[in-house]
Amino acid sequence: MSNNKIRFIDLFAGIGGFRMSFEQNGCKCVFSSEFNESCQKVYEANYGEKPQGDITKINEKDIPDFDILCAGFPCQPFSICGKKKGFNDTRGTLFFDVCRIIKEKQPKVVVLENVKNLINHDNKRTFHVILSNLKDLGYNVSYKVLDSTKFGVAQCRERIIIVGVKNGYFNFEDLKQTKPLSIREILDKKGTFEYLDKSEYTLLDSKYIHKQKTGLIFVGYRNKKIWSKGVRPNTEHLSRCHRQPNRIYSIDGTHPTLPSQETSGRFWIYIPEENAVRKLTINECYKLMGYPENFKIDSNIGNAYKQCGNSVVIPMVSELANSIIRQCFTKLCQNIF
């Protein structure tokens, strides 16, 4: 089966991270769905078509036939950054709309993406429901938490990837990993940069600075007024350290996960040569996600940061797409379908 005949659909499409990744591997998108109007506009600007809206109102029989279902279904109900209501959150129940479409269309492969915390949510009951439903629909399921730093980006972003295959099995060991970049390698050379005054931040003593396994190099924190109720005396700085918008990282390491909740883009980096701290630009944030320079982002900066934080990392999902094609759609594998 040649790549140009492999058709996929893009559910909870956001700004099209899955679409870009699978199209990079020669696949053809035949249907997309995204509820958020701002995301729809960005999607249309980049891919030439406007996704359909509310998935709960889409008749599964009206969707064209396809080979691969891609769905980065809403992660907020399961995220440690959210309220973790899971299936008690209406966004959590959207997973069953994915099942409704799978049941009707019976694609060869199902690819789901979500936050790492999905595995342990509600004492692992949520994850069990998801896996059980996919198995009941006739899929052999494998899953793994992937770290984006293993796929050539400068961001430590861990996400659970679930792959269901009809009459086959997906092996995550087939994924080809590459060395991570450092933040330094993706920095803009020109632009309007927002620097912090030296009175606005505190750098750690060098003896407390070390490179973590994830590549992060935490070097300091902003001197912001923080929540102090219940905080023990002389430990206020620890609260600052643990709140992501206050943390400062060296450009010689990687960056932590860009969250969708941080619509002000308060991500701060330390540049040793300048002995200065500045904010990541919106362009740099998109490069941390692996988007190309020519990607058209939302003109509203708050929307742009949120959409970036909600997206998937392009190089990681692109390699996932490549591996799915190698394992499930080559001539050697066609007979299992």
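Every value quoted in this text rests on a predicted model; they were computed, and no experiment measured them.

Draft legend 1. Local environment of the sheet that holds strand E13 (residues 276-279). Spatially, E8-E9-E10-E12-E13 is the arrangement adopted by the five strands of the open sheet, whose pairing is mixed. Of all the strands in the sheet, just strand E8 (201-203) and E13 have a single pairing partner and so form its edges. Taking each pair of neighbouring strands and ignoring which way they run, the sheet shows an average axis angle of 30°. Pairing analysis gives three bridges linking E8 to strand E9 (residues 218-222), with the strands arranged antiparallel. What sits directly across from tyrosine 201, in E9, is arginine 222.

Draft legend 2. Molecular detail of the pairing of strand E7 (residues 158-165). With seven of its eight residues buried, E7 lies for the most part within the structure. Here seven bridges tie strand E4 (residues 109-115) to E7, and the two strands are oriented antiparallel to one another. What sits directly across from valine 111, in E7, is valine 163. Alignment of strand E5 (residues 140-147) against E7, held across eight bridges, turns out to be antiparallel. Looking at the pairing, aspartate 147 lines up with glutamate 158 of E7.

Draft legend 3. Summary view of the confidence of the model for the protein. Across the protein, pLDDT averages 87, with 85% of residues at or above 70. Scored below 50 in pLDDT, residues 75-92 makes 45 contacts in the model with residues more than four places away or belonging to other chains. Counting interchain partners and residues more than four positions distant, the pLDDT-below-50 stretch residues 332-337 has twelve contacts.

Draft legend 4. Region of interest: unusual backbone geometry. Positive phi outside glycine occurs at glutamine 106, with the angle close to 50°. Mapping glutamine 106 onto the fold places it in the loop between helix H3 (95-105) and E4. The exposure class assigned to glutamine 106 is partly exposed, which follows from its relative accessible area of 35%. For asparagine 275, which is not glycine, the phi dihedral falls at a positive 50°. Residue position: asparagine 275 is located in the loop between strand E12 (268-271) and E13. We classify asparagine 275 as partly exposed; its relative accessible area is 36%.

Draft legend 5. Looking closely at the nonpolar core. Phe22, Ile68, Val111, Leu320 and Ile324 are the most contacted members of the largest nonpolar core, which has 57 residues in total. When residues no more than four places from it in sequence are discounted, the contact partners of leucine 320 are Val111, Ile161, Val163, Phe170, Phe172 and Leu175.

Draft legend 6. Representation of the sheet that holds strand E2 (residues 28-33) in the model. Pairing is mixed in the open sheet, where six strands are placed in the order E2-E1-E3-E4-E7-E5. The open sheet has two edge strands, E2 and E5, and neither has a second partner. Mean inter-strand twist for the sheet, computed between neighbouring axes without regard to direction, equals 20°. Across four bridges, the pairing between strand E3 (residues 68-71) and E4 is parallel. Residue pairing for E4: alanine 71 is matched across the bridge by leucine 112. Contacting strand E1 (7-11), E3 and E4, H3 runs over the sheet at an angle of about 170° to E3.

Draft legend 7. Spotlight on the environment of glycine 164. Inspection of the secondary structure assignment puts glycine 164 in strand E7. Using a relative accessible area of 1% as the deciding quantity, one classes glycine 164 as buried. Between the C-alpha atoms of glycine 164 and asparagine 140, which are 24 residues apart in sequence, the distance is 5.3 Å. Those residues in contact with glycine 164, other than ones at most four positions away along the chain, are Lys108, Val109, Val110, Tyr139, Asn140 and Val141.

Quick notes on the rules
- Residues numbered from 1 in each chain as written.
- Predicted model: local features only at pLDDT ≥ 70, side-chain atom pairs only at ≥ 80, totals over all residues.
- Heavy atoms only, no water.
- Pairing = 2+ DSSP bridges.
- Helix = DSSP H or I, 4+ residues; strand = E, 2+ residues; numbered from the N terminus.
- Axes fitted to C-alpha atoms, helices over the stretch in contact; angles between N-to-C directions.
- Buried < 20%, exposed > 50% of the residue type's maximum accessible area, 1.4 Å probe, protein only.
- pLDDT = per-residue confidence, 0-100.
- Contact = heavy atoms within 4.5 Å.
- Core = buried A, V, L, I, M, F, W, Y, C linked by side-chain atoms within 4.5 Å.

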